[in-house]
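Results of the structural survey
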Amino acid sequence: MKILSFKATHDLEKYAATLILNEVQKKPRLVLGLATGRTMVGVYQELVHLAQNTFTSFKEVTTFNLDEYVGLSELHPASFHSYMNEKLFSHLSFDTTHCFLPRGMALNAEAEALRYENEIQKSGGIDFQLLGLGQNAHIGFNEPGSSFHSRTRLVQLSPATKAQNLFAFSDGQIPDTAISMGLATIMRSKKILLVVTGASKAVPLRDCLADVNEYVPASILQRHAAVTILADEEALSLIPESQKKLITRTDHNLP
Ligand code: GLP
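Here is a short report on the structure shown in this document. (Residues numbered from 1 in each chain as written. Predicted model: local features only at pLDDT ≥ 70, side-chain atom pairs only at ≥ 80, totals over all residues. Heavy atoms only, no water.)

Focus on the sheet that holds strand β7 (residues 153-156)
With respect to topology, three strands assemble into an open sheet ordered β4-β8-β7, the strand pairing being antiparallel. Bordering the open sheet on either side are β4 (67-69) and β7, each of which pairs with just one other strand. Each strand axis lies, on average, 30 degrees off the axis of its neighbour in the sheet, ignoring direction. Judged from the four bridges that link them, β7 and strand β8 (residues 177-180) form a sheet pairing that is antiparallel. Bridged to Arg 153 within β8 is Ser 180. Along the sheet face, helix α4 (residues 109-122) touches β7 and β8 and points at about 125 degrees away from the line of β7. (Pairing = 2+ DSSP bridges. Helix = DSSP H or I, 4+ residues; strand = E, 2+ residues; numbered from the N terminus. Axes fitted to C-alpha atoms, helices over the stretch in contact; angles between N-to-C directions. Contact = heavy atoms within 4.5 Å.)

Some thoughts on the environment of Phe 6
Turning to its location among the elements, Phe 6 is positioned in strand β1 (residues 2-6). Measuring from C-alpha to C-alpha, the distance between Phe 6 and Leu 101 comes to 31 Å, with 95 residues separating the pair along the chain.

What about the nonpolar core?
Core analysis: the biggest nonpolar cluster contains 79 residues, and Leu 88, Ile 139 and Leu 205 have the highest contact counts within it. Broken down by element, the residue count for this core peaks at eight residues, all from helix α1 (residues 9-26). With residues up to four places along the chain from it excluded, the contact list for Leu 205 reads Leu 133, Val 196, Ile 229, Ala 231, Ala 235, Leu 236 and Ile 239. (Core = buried A, V, L, I, M, F, W, Y, C linked by side-chain atoms within 4.5 Å. Buried < 20%, exposed > 50% of the residue type's maximum accessible area, 1.4 Å probe, protein only.)

A word on unusual backbone geometry
If you check the backbone angles, Phe 55 has positive phi at about 55 degrees while not being a glycine. Secondary-structure assignment places Phe 55 in the loop between α2 (38-54) and β3 (62-65). If you check the backbone angles, Ala 137 has positive phi at about 70 degrees while not being a glycine. Locating Ala 137 in the fold gives a position in the loop between β6 (128-131) and β7. A relative accessible area of 4% places Ala 137 in the buried class.

Considering the pattern of salt bridges
In the structure shown here, the tally under the stated rule is twelve salt bridges. Residues Arg 115 and Glu 112 are paired through a salt bridge, measuring 2.8 Å at the closest nitrogen-oxygen approach. Of the two residues, Arg 115 and Glu 112 both sit in helix α4, three residues apart, roughly one turn of that helix. With relative accessibility at 3%, the residue Glu 112 sits in the buried group. Because the salt bridges share partners, they merge into one network encompassing Glu 23, Lys 26 and Lys 191. (Salt bridge = Lys/Arg side-chain N within 4 Å of Asp/Glu carboxyl O.)

A closer look at the packing of aromatic side chains
What describes a pair of aromatic rings is the distance from one ring centre to the other and the angle between the planes of the rings. A full pass over the atoms with the stated rule returns ten aromatic pairs. On the basis of an interplanar angle of 70 degrees and a centroid distance of 6.3 Å, the ring pair of Tyr 44 and Tyr 83 is categorised as edge-to-face. Here Tyr 44 is found in helix α2, whereas its partner Tyr 83 is found in helix α3 (residues 80-87), with 39 residues between them in sequence. Each ring, one from Tyr 69 and one from Phe 141, has its centre 5.5 Å from the other, and the planes form 50 degrees; the classification is tilted. Taken together, the residues span a long stretch of sequence, with Tyr 69 in strand β4 and Phe 141 in the loop between β6 and β7 at a distance of 72 residues. Of the two residues examined, Tyr 69 and Phe 141, each falls in the buried class. Members of the aromatic cluster, each reached through a chain of ring pairs, are Tyr 69, Phe 80, Phe 141 and Phe 169. Taking NZ or CZ as reference, Lys 87 lies 5.1 Å from the ring centre of Tyr 83, over its face. (Phe/Tyr/Trp six-rings, centres within 6.5 Å; stacked < 30°, edge-to-face > 60°. Lys NZ or Arg CZ within 6 Å of the ring centre and 35° of its normal.)

Next up, the structure:
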């Protein structure tokens, strides 16, 4: 596990975007796992900027998002479908017939979850998975207590997660359930990039680097062979002295 720390969040976003771009340039048919949330807004902005400046094609890239709310249509402004179209897909040359998210309006959410898991496996598996961190240390929508063996499935959102994401729902009505890749699904990705910014992530990041247990879903990442964590100083502020040697301070050394 590699941990890189950044003073300026903007440098971190640029670094994350550069890593993603490098993967696409190395392998135009990349299978890319994507995340949503406020953390990714700046990362996607930078990615759009860099990809446009370098004329990088995304035509052959396949994407799989981590999750989607159950009961929201693709056009609902708070759906992750809308988020992805607005922040990323519409700005670059993605072939959106190869950009997948779970379908929140599927009649049978459990069957949809299975279908989605199969699609990921049929694609050959995720080469590079981007992750954000929930304030309760969730990844995707794998809430505390999720099995480390979990696959894509219907999940119940915790009150903490609903409170964290309520800002996106102008009517104050946030769904109770979602379809999320499982922890085992995420762990099958060949490489993982976890992006963590801001003081609200200091506790979950500290916990994620402590004991590996199912009450801290992100702690499973310690068992993956190719995880990079990019974090700003606020997010790293509670890391105990003994772990500080794991952190590489990075200012402008882009990959
Ligand atoms: C959401 C998403 C996660 C995301 C996390 C962090 O609930 N399901 O994939 O990483 O919360 O969100 P934010 O970046 O807004 O803090």
